[in-house]
Amino acid sequence: MSDTRSRSLVKALIWRLLASLTTVVIVLLLSGELELALTVGGVEAIAKLIVFYGHERAWSFVRWGRLPSV
């Protein structure tokens, strides 16, 4: 039972959207600067999307914890 590349990508995109919105809100609350908050959120989203996708793909090679397909 392995995720397809497209499934991994969609999961990564949805997670990144939620996590980056959280980052934007936190930076906005701490700094009061919308432009800074959006910039930090954008940079964070791109960097972590790449890292998360690689992480998901790497885990597709790990058999530990998987139940056998029926």
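Relevant structure appears above.
So, here is what we can say about the structure in this document. (Residues numbered from 1 in each chain as written. Predicted model: local features only at pLDDT ≥ 70, side-chain atom pairs only at ≥ 80, totals over all residues. Heavy atoms only, no water.)

Things to note about the overall build of the protein chain
Quick note on the threshold: Here a strand is any run of E in DSSP of at least two residues, a helix any run of H or I of at least four, and the numbering for each starts at the N terminus. Only the C-alpha atoms count toward the radius of gyration. The rule for a globule is 2.2 Å times the residue count to the power 0.38. Note on classification: 1.4 Å probe, protein chains only; a residue is buried when its accessible area is under 20% of the maximum for its type, exposed when over 50%, partly exposed between these limits. Using the Shrake-Rupley algorithm and a 1.4 Å probe, accessible areas are obtained, with residue cover drawn only from the displayed protein chains.
Within the protein chain, the regular secondary structure consists of 2 helices and 0 strands. Computed over the C-alpha atoms, the radius of gyration of the protein chain is 16 Å, more than 25% above the 11 Å expected from 2.2 N^0.38 for a compact globule of 70 residues. With the principal axes as the frame, the protein chain shows a C-alpha extent of 55 × 15 × 15 Å. Per-residue burial over the protein chain gives 21% buried out of 70 residues. For the protein chain, the accessible surface area stands at approximately 5600 Å², while carbon and sulfur atoms represent 74% of it.

With respect to the pattern of salt bridges
Where we set the bar: Take a side-chain nitrogen of Lys or Arg and a carboxyl oxygen of Asp or Glu: if they are within 4 Å of each other, that pair is a salt bridge.
Applying the stated criterion to the full structure yields 5 salt bridges. With a shortest N-O distance of 3.1 Å, R7 and D3 are connected by a salt bridge. Notably, a salt bridge pairs K11 with D3, separated by 3.4 Å at the nearest N-O pair.

Some points on helix α1 (residues 5-31)
What counts here: Expected helix span is given by 1.5 Å per residue-to-residue step, counting one fewer step than there are residues. Here, residues are in contact when the closest pair of their heavy atoms is within 4.5 Å.
Under the 1.5 Å per step criterion, the end-to-end length of α1 is 38 Å for 27 residues, consistent within 8% with the ideal 39 Å. The complete set of buried residues in α1 reads S8, A12, R16, A19, S20, T23, V24 and V27. Where α1 is buried, its residues touch α2 (34-59). Looking one or two places after α1, you find G32, whose phi comes out positive at around 75 degrees.

Quick word on α2
In this model, α2 (26 residues) spans 36 Å end to end at C-alpha, consistent with the 38 Å of a helix rising 1.5 Å per residue. Listed in full, the buried residues belonging to α2 are A37, G41, E44, A45, E56 and R57. Check the buried side of α2 and you find it contacts α1.

Things to note about the side chain of E44
This is how the line gets drawn: Polar contacts here mean pairs of N or O atoms no more than 3.5 Å apart (in protein, one a potential hydrogen donor and the other a potential acceptor; neighbouring residues in sequence count only if both atoms are side-chain atoms).
With respect to the element layout, E44 can be found in helix α2. Polar side-chain contacts of E44 include one of 3.4 Å to the side chain of T23. For E44, the residues in contact, after removing those within four places along its chain, are R16, A19, S20 and T23.

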